[in-house]
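Notes for the structure review
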Amino acid sequence: MIGAPKATIDRGAPGVGWRLSMVRARLGRRSPEVGRYVPRSKVRARAIAICGVLVIGPLAAQSTAPSEGWRQWGGPTRDFVVHGSSRLAESWPASGPRQIWSRPLGTGHSAILVDDGRLYTMVRSGSARDLKGPWQATEAVVALDAASGEGIWRYEYPSAIQDFSRGPGPHSTPLIVGDRLFAIGTNKQFHALDKRTGRLLWSHDLVADFGAPPLLVRPLVKSGYASSPIAYRNLVIAFVGGPGQSVMAFDQRDGSVVWKSSHFLISGSSPLLIDVDGETQLVCFGGALVAGLDPDDGEVLWVHPHDAGNDFNFSLPLWGDDQILFLSSGYRTGSRALRLRRTGDRTAVEERWFDGRVKFQFLNGVRVGDRVYGTTGQSGTAFLTAVDITSGETAWRQRGFGQSSMLYADGKLIVLTEDGDLALVRLGAEEATVLAQAKLFDTRSWTVPTLVGATLYARDREKIVALDLGAVAGSREGTQVSGHPDLSGTWRLDPSASTVDPEVGYAGLGGSAGVPTMLYVTQAKNGTTIVGSNMNTSDARSYRPEGESRAPLGDGEVTVTSRWQGRELVATGSDEAATRSISETLSMAADGATLTVAITISSGTSRGSSTLIYRRTEAELPCEKWSTPCRDWSSAGGAAPP
């Protein structure tokens, strides 16, 4: 147990303002008179947790539309993707997005939780600019008012200073379930607090109570505990470490131990709940491996090696409906993809690919569709990178970002570099387009921001800020149809900016000329988009998001399926023999003035691509310059047209 902590009501900055102190000489464990946890029968469809990153939040939150909030590491669905209707601006002023408020906070790397109008995180007082300190030998869990940043309560406890040469702790992110907040500090102090008051409900010193190693075993730099807990049913599950207790599950109500499991070295990653063919599993990304556990009793269901050499597996594994699990580390490893399949009561693990050159060292990545995005590199230069999840091929790498944390929302990537630069990015097939950029912080920022609605909460080692990223009402950039950009307009080809493969035009719209000089685009409220051209005998192209339509290809037609991928309308299809395929992507620039049409046609081993750039126009070309021009019949003696 942990002795002599205190909870305070905080009406100002940490350490400042009116406080009502509640000092306890000893922290007692609360044991309400409730029924004990009973695991489900082994006959049931089992739940498995993937370890390596500590996951927070009930599984139900990952499979249903989440309520607005950010109650665990990685957000509502624990994947750093906001699956909501937030409308974000397409650009910012040179000074950056509008700041709602800013206030001093304290050092540390804990992310920001948002729940019921309040923010929650963890801090330590001390120098943020000098990595030699001084720092206080205490940490705190704090609650702030989301609208103003004003302090509400602060729970402090003793916390020894460790090797903070790379930045001081706390490093873990708390977890909110109902009215309870669970937090694990630098030195493995585990507290359950009442989120409304900061009152202690129960606690464990994982080192003193269970003999856990105080720090990671293998690293040279031992900066303290970094994993974030996860909720499953009435359990809270966390990395602990030590013989037979790499992972432990506690009853959320009183902290009693429900199960212990495994002997692997733990890491700074966090656990993740996934669904494998209808079975819930807990994924644990440990110091030298990744494992799948049954979250009901901790039974190890499968295991696969992934050893960075120093327990420095930090990033959260990423999971998709295709049953592929993505892992990435720096140092001696890289990235790999595992496909998981259940056969009977066993889970088969197939390594699909491994790439030692793609290394998400310690900050997070995100998965969008069939691609994973993150910053790859180590100890210096890093590149924003797009990786195909099925093949492992690097689609593109782009300079200018450095090591970065990121979120994905409203078809855009929100990127915060470790140097404190905030960027809004659109992801494309061949590159990333920076829509807006601003300097946000002056010290290291290794904490992924939090987005609720259109408000972004971000911190570095000194302060916390709230920013308004919302779209401007009534502006062209905010125009959307059915939650997506409205591509409607009259568009004129910019030949100098376009790249045209002679064999790849806008099939059916360009006639014998290959590429139409004008496009007439209409997009309906239901999402259906019709593209016509100014070419004689051309056939209008129809795109039906989440539906099929016909498109010309060569001397025949193919069925294409259209979908929105962020701000891009993507259509793909192939002929019945699958010998020829087509991909078309329509995307509009942030200012609404440029429409890009990217077309790729593959036939056998050959592949051709064109990128057509169209500019918005409010006026037609003169009649004489049309593709099918007007004729001056008056010069023909008034003869009637044939």
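Now for a description of the structure that goes with this document. Quick caveat: nothing in here was measured; it's all calculated off a predicted structure.

Here's the deal with the packing of aromatic side chains
The full count for this structure, using the stated rule, is 17 aromatic pairs. Centroid distance Trp-135 to Phe-164: 5.4 Å. Interplanar angle 80 degrees. Geometry classified as edge-to-face. Here Phe-164 lies in the loop between strand S9 (151–158) and strand S10 (175–177) and Trp-135 lies in the loop between strand S7 (118–123) and strand S8 (138–145), a separation of 29 residues in the sequence. In this structure, Trp-135 and Phe-164 share a single accessibility class: buried. Seen from their ring centres, Phe-326 and Trp-353 are 6.1 Å apart, and the 45 degrees between their planes marks the pair as tilted. Of this pair, Phe-326 sits in strand S23 (residues 324–328) while Trp-353 sits in strand S25 (residues 346–355), and the two are 27 residues apart along the sequence. Considered together, Phe-326 and Trp-353 belong to a single accessibility category, that of buried residues. Grouped by ring-pair contacts, the aromatic residues Phe-182, Phe-190, Trp-202, Phe-210 and Phe-250 constitute a single cluster. Above the ring of Phe-383, the side-chain terminus of Arg-397 is found at 4.1 Å from the ring centroid. Above the ring of Trp-446, the side-chain terminus of Arg-461 is found at 4.8 Å from the ring centroid.

Notes on the nonpolar core
One finds Leu-119, Leu-413, Ile-414 and Leu-451 to be the most contacted residues of the largest nonpolar core, which totals 84 residues. Contacts of Ile-414, omitting those with residues within four sequence positions, involve Leu-88, Ser-405, Met-406, Leu-407, Leu-422, Ala-423, Leu-424, Leu-451, Leu-456 and Leu-469. Ile-230, Tyr-232, Phe-239 and Val-240 belong to the second-largest nonpolar core, a separate cluster that totals 35 residues.

A few points about the state of the cysteines
The term disulfide refers to a covalent linkage connecting the sulfur atoms of a pair of cysteines. One pass over the structure, following the stated rule, counts 1 disulfide. Here Cys-623 is linked by a disulfide to Cys-630, with a sulfur-sulfur distance of 1.4 Å. Exposure remark for Cys-623: the relative accessible area of 19% places this residue in the buried category. Judged by its relative accessible area of 37%, Cys-630 falls in the partly exposed class.

A look at the side chain of Arg-336
Relative to the helices and strands, Arg-336 resides in strand S24 (residues 335–343). Judged by its relative accessible area of 11%, Arg-336 falls in the buried class. There is a polar contact of 3.0 Å between the side chain of Arg-336 and the side chain of Glu-351. Once you skip the residues sitting within four places of it in the chain, Arg-336 turns out to touch His-304, Pro-305, His-306, Leu-325, Phe-326, Leu-327, Glu-351, Trp-353 and Phe-354.

Regarding the layout of surface pockets
Here the second largest pocket defines a volume of roughly 1000 Å³. What lines the second largest pocket is a set of 46 residues, and nearest its centre among them are Arg-166, Ser-223, Phe-314, Phe-362 and Trp-446. Taken together, the residues that form the lining of the second largest pocket break down as 19 nonpolar, 22 polar and 5 charged.

So, how was this worked out
Residues numbered from 1 in each chain as written. Predicted model: local features only at pLDDT ≥ 70, side-chain atom pairs only at ≥ 80, totals over all residues. Heavy atoms only, no water. Phe/Tyr/Trp six-rings, centres within 6.5 Å; stacked < 30°, edge-to-face > 60°. Helix = DSSP H or I, 4+ residues; strand = E, 2+ residues; numbered from the N terminus. Buried < 20%, exposed > 50% of the residue type's maximum accessible area, 1.4 Å probe, protein only. Lys NZ or Arg CZ within 6 Å of the ring centre and 35° of its normal. Core = buried A, V, L, I, M, F, W, Y, C linked by side-chain atoms within 4.5 Å. Contact = heavy atoms within 4.5 Å. Disulfide = S-S within 2.5 Å. Polar contact = N/O pair within 3.5 Å; in protein donor to acceptor, adjacent residues only side chain to side chain. 1 Å grid on protein atoms, 1.4 Å probe; cavity = no way out; pocket = protein on both sides within 12 Å on 5 of 7 lines; lining within 4 Å. Points joined across faces, edges and corners; volume = space filled by probe spheres on them. Nonpolar A, V, L, I, M, F, W, Y, C, P; charged D, E, K, R; others polar.

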